[in-house]
Amino acid sequence: MSKREVPGVGPYGGPAGGWGALQAVARALKHQMGVAREATMLLKVNQPAGFDCPGCAWPDPRSTSSFEFCENGAKAVSWEATTKRTTPEFFAQHKVRELWDWSDHALEDEGRLTHPMRYDADSDHYVPVSWDEAFERIGAALRALPDPNMAEFYTSGRASNEAAFLYQLFARRFGTNNFPDCSNMCHEPTSVGLPEAIGVGKGTVTLADFDHCDAIFCIGHNPGTNHPRMLATLRSAARRGAKIVVLNPLRERGLERFASPQDPVEMVTGRSTPIATDYIQLRIGGDVAFLKGMMKTVLALDRDSISKGGEGVLDRAFIDAHTEGLEEVIADLDATAWSEIVNASGVERADIEHVGKLYAGSKAVIACYGMGVTQHHSGTANVQQIVNLLLMRGNMGRDGAGICPLRGHSNVQGDRTVGITEVPPVDMLDSIERVFGFSPPREHGHGAITAIEAMRDGRSKALICLGGNLPVAMSDTKVCFDAMRKLDLAVHVSTKLNRSHLLTAKETLILPCLGRTELDVQASGPQSVTVEDSMSMVHASRGSLPPASEHLLSEPAIVARMAKATLDDDSLDWDGWVADYSRIRGLIEAVFPQFDGYNERIQDPGGFRLFNAAAARQWNTPAGRARFIAHRGVMMDPRLDRDDALILATIRSHDQYNTTIYGFNDRYRGITGRRDVVFVNERDLEARGLQHGDLVDLETIESTVSIGGTRRLCGLTAVAFDIAPGSIAAYYPEANCLVSLADNDPRSGTPSYKSIPVLLSLSQGDCEVSADAQTWQHGDVPNDKTGATVAAEMPAHRRTTGTPS
Ligand SMILES: Nc1nc2c(c(=O)[nH]1)N[C@H]1C(S)=C(S)[C@@H](COP(=O)(O)OP(=O)(O)OC[C@H]3O[C@@H](n4cnc5c(=O)[nH]c(N)nc54)[C@H](O)[C@@H]3O)O[C@H]1N2
Ligand SMILES: Nc1nc2c(c(=O)[nH]1)N[C@H]1C(S)=C(S)[C@@H](COP(=O)(O)OP(=O)(O)OC[C@H]3O[C@@H](n4cnc5c(=O)[nH]c(N)nc54)[C@H](O)[C@@H]3O)O[C@H]1N2
Ligand SMILES: [Mo]
């Protein structure tokens, strides 16, 4: 391959982890804060007596005696524990109109918010406001709404169980179930698909199962970047000979080779451990087809064995005793032709059969999956296909076997458990009524998409955000931005400045809060909060750093004071609860019986595991059985029925945390100092007469479902990459403007961020949404009274291309 030189694009030859990871941490720490402080702090991450790492929801080994090194955990911590500050003086110097032109990286890189701030439209500046006045204004604006369902209560997944529980109590007492949350954009297909199939909406495995399985399937997730501590688990499984099968359109280095920074031999010798035994680069969106091919293979082996008088390959004892619906799945498998499967998955039949046989020959299998599975039109179907495959051989609810959805935010699972949901279960509402003596609303509320639609249409007028960056994280950027600007009230409980804050409403407030790493002292003394990881383990987290500013309040305190200022109900003891978080846990326990003994059980450093019925082979489904659920055919998007169509997935770089852009490098994919790239297979470039390094435009393929016609993103640099033919990838959130609100999984409402049908062509340089200067944020300017458009020329460091950090 004769490749031309492209700035910031080169090969990466090393393994994941290793010295590169240590160097990256050193750079991140230097960029953010002093060294002495950091050393003691990092050692406390994921230690029994310390705070829970805000980086991801992967669990900790039970005996956390040695520090588990994690590059991206260290980045998350140093980003929060930075010594940089975004002060009232900063806001006095910069109009909101001016900040709009800054990149997402530059906004957050100003450091921690220090004071509560209120937007002043006349001066176009944020100005300081006292906490009392802030809460009064919020209460007044909420009370002024004609209907409580005109308010949206958004939650991002860092909020602790304590903060989230008070928050849902506040909103339900106020009178709404409008709880859009980051889960709606993430693992909703898990929350919808798993309960139908196995009766619980969570994964069934524990860390110990990884020591007992003989095969692990890694489907559509990138642990080297997003769950780095999982690499240690995969590494030890690989070393004891477990098969690790990867289904991923891109070659992700972390799934190929890992050098453990904790292994002196690997560090000194430069050796690394191979992770994947089989790496299948299927087409984006090809999972349903591939999984069906595997199941067809299992079925064929089974029939062959039976015909020869053998006992078969299916686990008939399990299937008979525990499941229903296999016949329909078999009928569908028989009706689905291999030609369709090969075409839709982009994988040869022999390769699919090889993996199918490997599965059939394994005694205990774990299937892990992430956003590559959920963020599709077929997201829920994808999840249920994985369950079908596991159920066929009884790989559910026994040692070394089960399903393992990799949750995103460090407490996104806990937030759901304690009531953040727009579709509240009846028994939870009954419990709330019993414990608190009021009748919570029963009608279902808004999720992320329906909340944005309501804001767009003027049906919702207030948005409270407990963390996150909703309009930037959501699909259909322009619709979201416009919707934000129509609000009467926008409240952001945040640690750092982000673009959501610049999309001002009539009344807009930024309420700065304590982070995970910080000491939280209330009337009864220092407090711990609790979080639940991907494997249903609940444990305590206690910050130790001095707060970034003396003016910060904790999230539970902010929620409680918003509630007090809004509600007229003296029976709720908000002050007493915030004074002592163990009282909040007492309330959680009263509402959710599974938290029985909550305060005592978190004394154990490892915490405790919430009961998981499916893991015990108890099926909370209508028939009391696990269900095989058939989905017809290979679920190809009809928009791809043309020769020049490509399918785009939006992915995370190694230097970002969702919409938080730490820096501009994506080390394992060989990208340095920029994000304005699109990864394309060499063959697809050639077919279009394009070369590695060409400036290109993306245009969506119109369909009946999308509203508002085609969407374009211009000026990306094409990078020839080891990605399945027909599949391309670009970074999130820059490419979110290409995803229509209507493009989602109809079962769960999760946006199809990873299956966007597009055309790729040489850049015409004519489009309004350009990848370079973050005018992808859309040319219209929110707060500029003169109506001038955003200047394309910005200081280099404000761009999506930046200096390597
Ligand atoms: N450092 C860091 N850690 C994080 C985050 C972060 O942004 N940065 N985000 C957190 C959050 S909220 C989440 S949800 C998780 C996300 O963690 P992941 O689930 O790993 O998320 P993504 O980076 O979006 O990419 C998923 C992978 O799916 C693959 N993929 C794309 N399309 C398909 C497909 O059709 N089929 C298959 N099989 N694979 C496909 C991509 O190539 C990519 O490797 O990580 C959490 N942890
Ligand atoms: N195209 C595309 N879009 C996607 C995805 C994708 O793969 N592709 N992934 C989706 C997924 S999986 C998710 S989870 C969503 C994420 O959506 P969100 O959870 O809304 O977004 P984040 O970027 O994680 O939020 C970052 C902000 O959170 C605030 N913050 C950080 N720590 C704290 C804290 O401790 N407390 C409080 N109150 N605030 C804090 C900071 O102000 C920071 O600016 O994005 C989704 N959007
Ligand atoms: Mo997520």
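- Per an unreviewed UniProt entry, the chain goes by Oxidoreductase alpha (Molybdopterin) subunit and derives from Caballeronia concitans.
- The Sequence similarities (unreviewed entry) comment attached to the chain in UniProt states, word for word, "Belongs to the prokaryotic molybdopterin-containing oxidoreductase family."

Quick word on the site of ligand 2
Reasoning step 1: The environment of ligand 2 is formed by 32 residues, the closest being Tyr154, Glu555, Thr659, Tyr732 and Asn736.
Reasoning step 2: One nitrogen or oxygen atom from the side chain of asparagine 658 is found 3.1 Å from an oxygen atom belonging to ligand 2.
Reasoning step 3: Protein coverage of the free-state accessible area of ligand 2, which is 930 Å², stands at 96%.
Reasoning step 4: Looking at the shell around ligand 2, the elements with two or more residues in it are α24 (470-473) and β16 (489-494).
Reasoning step 5: Across the shell around ligand 2, the residue classes break down as twelve nonpolar, 14 polar and six charged.
Reasoning step 6: Here the shell around ligand 2 gathers at least three residues from each of two domains, domain 1 (86-184 + 426-519 + 557-597) and domain 3 (638-773).

A look at the layout of surface pockets
Reasoning step 1: Size it by volume and the largest pocket reaches roughly 1200 Å³.
Reasoning step 2: Looking at the largest pocket, it is lined by 36 residues, and the ones nearest its centre are Gly201, Lys202, Arg416, Thr417 and Pro425.
Reasoning step 3: Those elements that place two or more of their residues in the lining of the largest pocket are α9 (188-198), α21 (412-417), α22 (426-436) and α23 (448-456).
Reasoning step 4: For the lining of the largest pocket, the element with the highest residue contribution is α9, accounting for four residues.
Reasoning step 5: Split by residue class, the lining of the largest pocket holds 14 nonpolar, 16 polar and six charged.
Reasoning step 6: Two domains each donate at least three residues to the lining of the largest pocket, and these are domain 1 (86-184 + 426-519 + 557-597) and domain 2 (188-405).

A word on the domain arrangement of the chain
Reasoning step 1: In terms of domains, the chain is made up of domain 1 (86-184 + 426-519 + 557-597), domain 2 (188-405) and domain 3 (638-773).
Reasoning step 2: When each unit is reduced to the centre of its C-alpha atoms, the spacing between domain 1 and domain 2 is 38 Å.

Let's talk about the packing of α22 against helix α29 (residues 581-591)
Reasoning step 1: The contact between α22 and α29 brings their axes to 9 Å, and the two run at 125 degrees. Taken together, the axes of α22 and α29 are oblique relative to one another. Facing Met428, Ser431, Ile432, Arg434, Val435 and Phe436 of α22, the residues of α29 in contact are Leu587, Ala590 and Val591.
Reasoning step 2: Among the residues forming the contact of α22 with α29, the class breakdown is seven nonpolar, one polar and one charged.

Points about the environment of alanine 57
Reasoning step 1: Here alanine 57 is to be found in the loop between α2 (35-44) and α3 (71-80).
Reasoning step 2: Assessed through its relative accessible area of 2%, alanine 57 is described here as buried.
Reasoning step 3: Spatially, the C-alpha atoms of alanine 57 and glycine 693 are 37 Å apart, while their sequence positions differ by 636 residues.
Reasoning step 4: If we skip the residues at most four places from it in the chain, alanine 57 touches Arg407, Gly408, His409, Ser410, Asp533 and Ser534.

Side note on the nonpolar core
Reasoning step 1: The biggest cluster of nonpolar side chains holds 63 residues, and the ones touching the most others in it are Ile138, Leu142, Phe436, Leu511, Met562 and Trp574.
Reasoning step 2: Among the elements that line this core, the one with the most residues is helix α8 (residues 161-174), at nine residues.
Reasoning step 3: Ignoring any residue separated from it by four or fewer positions in sequence, one finds leucine 142 in contact with Ala151, Phe170, Phe174, Ala462, Ile464, Leu489 and Thr566.
Reasoning step 4: In terms of nonpolar packing, the next biggest core, distinct from the first, is built from 62 residues, Leu99, Tyr154, Met484 and Tyr753 among them.

Description of the packing of α8 against α29
Reasoning step 1: Closest axis-to-axis distance for the α8/α29 pair is 10 Å, and the angle between their directions is 65 degrees. When the axes of α8 and α29 are compared, the crossing they make is left-handed. Two secondary-structure elements touch here, α8 through Asn161, Glu162, Phe165 and Leu166 and α29 through Tyr581, Ile584, Arg585, Leu587, Ile588 and Val591.
Reasoning step 2: Partitioned by chemical class, the residues of the contact of α8 with α29 number seven nonpolar, one polar and two charged.

Digging into the pattern of salt bridges
Reasoning step 1: One pass over the structure, following the stated rule, counts 49 salt bridges.
Reasoning step 2: The salt bridge partner of arginine 416 is glutamate 188, with a shortest N-O separation of 2.8 Å. Highlighted residues: arginine 416 in helix α21 and glutamate 188 in helix α9, separated in sequence by 228 residues.
Reasoning step 3: Given a relative accessible area of 16%, arginine 416 falls into the buried group.
Reasoning step 4: Residue glutamate 188 is classed as buried on the basis of its relative accessible area of 6%.

Topic: the packing of aromatic side chains
Reasoning step 1: Using the criterion set out here, one finds 24 aromatic pairs in the structure.
Reasoning step 2: Here the aromatic rings of phenylalanine 436 and tryptophan 577 are separated by 6.0 Å at their centres, their planes lie at 80 degrees, and the arrangement is edge-to-face. Residue phenylalanine 436 is found in helix α22, and its partner tryptophan 577 is found in helix α28 (residues 574-579); the two are separated by 141 residues along the sequence. The burial state of phenylalanine 436 is the same as that of tryptophan 577; both residues are buried.
Reasoning step 3: A network of ring pairs unites the aromatic residues Phe165, Phe436, Trp574, Trp577, Phe592, Phe595, Tyr598 and Phe608 as a single cluster.

Overview of the site of ligand 1
Reasoning step 1: Taken together, 32 residues lie around ligand 1, and Asn248, Glu252, Gly285, Asp287 and Gln656 are the ones closest in.
Reasoning step 2: Measuring from a nitrogen atom of ligand 1, one finds a backbone N or O atom of threonine 225 at 3.1 Å.
Reasoning step 3: Taking leucine 247, its main chain carries an N or O atom lying 3.1 Å from a nitrogen atom of ligand 1.
Reasoning step 4: For ligand 1, the accessible surface in isolation is 930 Å², of which the surrounding protein chains cover 99%.
Reasoning step 5: Breaking the shell around ligand 1 down by element, the ones donating at least two residues are α10 (223-226), α19 (371-374), β24 (646-651) and β25 (656-657).
Reasoning step 6: Split into classes, the residues belonging to the shell around ligand 1 amount to eleven nonpolar, 17 polar and four charged.
Reasoning step 7: When residues are assigned to domains, the shell around ligand 1 turns out to be shared by domain 2 (188-405) and domain 3 (638-773), each giving three or more.

Considerations on the side chain of glutamate 555
Reasoning step 1: By the secondary structure assignment, glutamate 555 is in helix α27 (residues 555-566).
Reasoning step 2: Among buried Asp, Glu, Lys and Arg side chains, glutamate 555 stands out as unpaired, with arginine 516 the closest opposite charge at 7.4 Å.
Reasoning step 3: Those residues in contact with glutamate 555 that lie beyond four places of it in its chain are Ala159, Ser160, Ala163, Leu466, Val493 and Cys513.

Comments concerning the confidence of the model for the chain
Reasoning step 1: Here the chain averages 91 in pLDDT, and 91% of its residues register 70 or above.
Reasoning step 2: Low pLDDT (under 50) marks residues 63-67, which in the prediction has ten contacts with non-local residues, meaning those over four places away or in another chain.
Reasoning step 3: Across residues 772-805 the pLDDT falls below 50, and counting only partners more than four positions away or on other chains, this stretch makes 96 contacts in the model.

A few points about the sheet that holds strand β10 (residues 273-274)
Reasoning step 1: If you walk across this open sheet you meet the three strands as β1-β9-β10, and the pairing is mixed. Of all strands in the sheet, those with a lone pairing partner are β1 (16-17) and β10, marking the two edges.
Reasoning step 2: Judged from the two bridges that link them, strand β9 (residues 257-259) and β10 form a sheet pairing that is antiparallel. For arginine 257, the partnering residue across the bridge sits in β10 and is proline 274.

Some details on the sheet that holds strand β13 (residues 365-369)
Reasoning step 1: Sheet architecture is open: five strands sit in the order β11-β8-β7-β13-β14, paired in parallel fashion. Unpaired on one side and paired on the other, β11 (278-280) and β14 (402-405) mark the two borders of the sheet. Strand-to-strand twist in this sheet, taken as the mean axis angle between neighbours without regard to direction, amounts to 15 degrees.
Reasoning step 2: When strand β7 (residues 215-219) meets strand β8 (residues 243-247), the two strands line up parallel, connected through five bridges. Residue isoleucine 219 lies in a different strand from β8, and its bridge partner there is leucine 247.
Reasoning step 3: Helix-sheet contacts for α9 involve β13 and β14, and the interaxial angle to β14 is about 165 degrees.
Reasoning step 4: Most of the contacts of helix α11 (residues 229-239) go to β7, to which it runs at about 145 degrees, and overall it touches β7, β8 and β13.

Each value, and the rule that gives it
Residues numbered from 1 in each chain as written. Chains lettered and ligands numbered in written order. Predicted model: local features only at pLDDT ≥ 70, side-chain atom pairs only at ≥ 80, totals over all residues. Heavy atoms only, no water. UniProt positions renumbered as here; feature names shortened; annotations may be inferred. Near = heavy atom within 4 Å. Polar contact = N/O pair within 3.5 Å; in protein donor to acceptor, adjacent residues only side chain to side chain. Areas by Shrake-Rupley, 256 points an atom, 1.4 Å probe, with all protein chains shown as cover. Helix = DSSP H or I, 4+ residues; strand = E, 2+ residues; numbered from the N terminus. Nonpolar A, V, L, I, M, F, W, Y, C, P; charged D, E, K, R; others polar. Domains from an automatic or database assignment. 1 Å grid on protein atoms, 1.4 Å probe; cavity = no way out; pocket = protein on both sides within 12 Å on 5 of 7 lines; lining within 4 Å. Points joined across faces, edges and corners; volume = space filled by probe spheres on them. Axes fitted to C-alpha atoms, helices over the stretch in contact; angles between N-to-C directions. Parallel < 35°, antiparallel > 145°, perpendicular 65-115°, else oblique. Contact = heavy atoms within 4.5 Å. Buried < 20%, exposed > 50% of the residue type's maximum accessible area, 1.4 Å probe, protein only. Core = buried A, V, L, I, M, F, W, Y, C linked by side-chain atoms within 4.5 Å. Left-handed = near helix turned anticlockwise from the far one by under 90°. Salt bridge = Lys/Arg side-chain N within 4 Å of Asp/Glu carboxyl O. Phe/Tyr/Trp six-rings, centres within 6.5 Å; stacked < 30°, edge-to-face > 60°. Lys, Arg positive; Asp, Glu negative; His and termini not counted. pLDDT = per-residue confidence, 0-100. Pairing = 2+ DSSP bridges.

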